[in-house]
Every structure is written in C-alpha cells, then in structure tokens.
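Residues per chain are reported as follows:
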Amino acid sequence: MTVGIPIRRLWPEPSELPLDDAALTRLYGRADRPRLRVNFVSSLDGAVSVDGYSAGLSGEPDKRVFGLLRMLCDALVVAAGTLRHEGYRAVRLDERRRAWRRANGLAEYPTLVVVSGTLDLDPVQAALADAPVRPIVLTHAGADPPPGLTDVADVLPFGADRVDLAAGLDELHRRGLSQLLCEGGPHLFGALTAADLIDELCLTVSPLLAGPGPGRITAGAATPPRQLPLRHVLAADDGVLMLRHARP
Ligand SMILES: NC(=O)c1ccc[n+]([C@@H]2O[C@H](COP(=O)([O-])OP(=O)(O)OC[C@H]3O[C@@H](n4cnc5c(N)ncnc54)[C@H](OP(=O)(O)O)[C@@H]3O)[C@@H](O)[C@H]2O)c1
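Residues numbered from 1 in each chain as written. Predicted model: local features only at pLDDT ≥ 70, side-chain atom pairs only at ≥ 80, totals over all residues. Heavy atoms only, no water.

Caption draft 1: Representation of the pairing of strand β8 (residues 200-206) within the structure. Here β8 lies mainly inside the structure; 7 of its 7 residues are buried. Of the two faces of β8, both are covered, the one formed by Glu200, Cys202, Thr204 and Ser206 as well as the one formed by Leu201, Leu203 and Val205. The pairing of strand β2 (residues 35-43) with β8 spans 7 bridges and is parallel. From the neighbouring strand, Val38 faces β8, where its bridge partner is Leu201. Of the strand pairs in this sheet, β8 and strand β10 (residues 241-246) are connected by 6 bridges, and their pairing is antiparallel. Pairing of Leu203 across the sheet is with Leu243, part of β10. (Buried < 20%, exposed > 50% of the residue type's maximum accessible area, 1.4 Å probe, protein only. Helix = DSSP H or I, 4+ residues; strand = E, 2+ residues; numbered from the N terminus. Pairing = 2+ DSSP bridges.)

Caption draft 2: View of the nonpolar core. The biggest cluster of nonpolar side chains holds 36 residues, and the ones touching the most others in it are Ile7, Tyr28, Leu83, Leu112, Val114, Leu121 and Leu234. Listed by contribution, the elements that provide at least two residues to this core are α1 (21-28), α2 (60-72), β3 (75-79), α3 (80-85), β4 (111-115), α5 (126-129), α6 (149-152) and β9 (230-236). If you tally residues by element for this core, the top one is α2, at 5 residues. Non-local contacts of Leu112, meaning those with residues more than four positions away in its chain, are made with Leu76, Val78, Leu83, Val91, Ala127, Leu128, Pro135 and Ile136. Counting 30 residues, the second largest nonpolar core, distinct from the first, contains Val38, Val115, Leu192 and Val205. (Core = buried A, V, L, I, M, F, W, Y, C linked by side-chain atoms within 4.5 Å. Contact = heavy atoms within 4.5 Å.)

Caption draft 3: Highlighting the pairing of β2. Buried residues dominate β2, accounting for 9 of its 9 residues. With burial as the criterion, each face of β2 is covered, one bearing Arg35, Arg37, Asn39, Val41 and Ser43 and the other bearing Leu36, Val38, Phe40 and Ser42.

Caption draft 4: Highlighting the packing of α1 against α2. Following both chains from N to C, one finds α1 and α2 inclined at 60 degrees, their axes separated by 10 Å at the closest point. By the angle class used here, α1 and α2 are oblique. Like other packed secondary-structure pairs, α1 and α2 cross with a definite hand, here right-handed. Between α1, through Asp21, Leu24, Thr25 and Tyr28, and α2, the contact on the second element is made entirely by Arg64, Val65, Leu68, Leu69, Met71 and Leu72. Its residues placed into classes, the contact of α1 with α2 shows 7 nonpolar, 1 polar and 2 charged. (Axes fitted to C-alpha atoms, helices over the stretch in contact; angles between N-to-C directions. Parallel < 35°, antiparallel > 145°, perpendicular 65-115°, else oblique. Left-handed = near helix turned anticlockwise from the far one by under 90°. Nonpolar A, V, L, I, M, F, W, Y, C, P; charged D, E, K, R; others polar.)

Pasting the structure below:
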C-alpha cells in the first residue's frame, strides 16, 4: 500500500514506481547482528532545527520513514535533552505496525532507552509514565535518581562519573535489544560518534535553507572524521532526499 507523497529510489537502482511500505521495510530492514542506527532530519544548509524544533524540517515522507524505523527496532534510544525539549510521548505504534512486529516475532512495542548524565528526568512525563514497555535509563554511578523515577523505569549506571555508552549498549544487547534506533539529539550523536559506536545514519535532507543560527545534527568535543559509505538514496515528490549510510 502506498500512502501520501510518493517516495522513489534514485540509487543504486532507480525505481520508476513509488515504494510502498513493504518495499521501504525491505530497504531499511533489520540486521542479523547488533546494530545502532541513527535517524536525523536536517535542512539543506545543515541545520538540526527550525525555531528550536525538528518539526519544521520534517514532512509527511520523513514521518513515514521515521515511523517505519521505529517499527523495525527493538529499542529506541534518545538523549534526555531531546526527550525533554521535544516533549516525547509514550512510544506507540499503530495496529498495522504492531501486527508486522508480532508476525516477525518481535515485542509489540520497542523499549524506550533514555541517556542522561544528570537524571534530570520527570517521572510523570508521558514517555516514561505511559510507556507500554518499562523504559530503561542509561546513566552513570554518580547520578541520583529523582523521586519516582525508579518506579517507572530501570535506571542502569555505566561508568563512574560519565555514561559509558559502549557498556550501556552491551547491556541492551544482553537484554535481547539488538536493533537500536537512536533519534538523537546532537550531543548524544556526537558522543556515540566519538566512541565509534555508529553503524548507520539515516538522514533526511529537507529542501530548505534554515539560515545561520541553529546547530548541526552533531555536537560536543571534536572527533576524528569517520567514513560511512552511502547505501541508498530515496527522493520524495516534495523534494526531500533520504540517505542511508552504513558501515560495510
Ligand atoms: N533534526 C533532528 O532530527 C533532531 C533530532 C533530535 C533532536 N533535535 C533537536 O536537537 C535539540 C536538542 O539537542 P541537545 O543539544 O539538547 O542535545 P541532546 O543530545 O538531545 O541532549 C543533551 C542531553 O542529553 C543527555 N545526554 C546526551 N548525550 C549524553 C551522554 N553521552 N551521556 C550522558 N547524557 C547525555 C544529557 O542529559 P542530562 O542533562 O539529563 O544529563 C544532555 O544534557 C533540539 O532543538 C531538538 O529539537 C533534532
């Protein structure tokens, strides 16, 4: 079934016909080993937000792939900053996507994983309080959970005074959460890049000049550049490009 604005593959093999959800699901897929996939949307001139939010960069084709990537993952990893700022709600999928997960032997919903150094998290925020699966918070041993947080989430410390992301991801894998989707934000992406933990970047490029001001999709201390080869290029009829880059 194809809905909304048509999306076609430009590369490696151009598709004449729009890609339906089954074709998009095959193109993005799941891996047969643990994988950390990161998904971002950016403006043409590299902005991570418009007026402070990602919504101004995202249209219907991006939202379609965004939802599909959530359907494909075991856990959705997000930085506390983005969770707070974007007011994350509980991760829910529609019945069609839940049915796909059941048919493919997956839990009905992905697990939400929040990365926080300060544990400045509100236990009544819907993303935590209303989650269909008990969320996980990755933090470090020096952080004290605020009242109520451990009632709604598993709070797991890795590292003495900063989050050891590699050890945290290993624990997710040990819990059977092998296909990880990270939705940002920039500081978490920067830290994951620094730790060389990124297997894949799905990047939607919005045909928009946001102008000076907003940050990039990555932030934090400088790291050596890393190659991430191109795997596919999709284009939507509204001019949006969708790039998938992944490690060999
Ligand atoms: N365009 C897009 O696709 C997209 C996607 C996501 C976000 N955004 C935008 O990005 C902006 C938010 O960015 P941000 O600068 O707040 O960055 P962020 O990475 O979302 O959040 C930073 C916060 O998350 C936690 N965190 C991140 N990395 C961590 C690490 N390695 N260890 C421990 N904690 C870590 C910390 O929270 P604590 O303070 O709790 O320690 C830190 O203060 C918003 O404007 C949002 O709209 C855009």
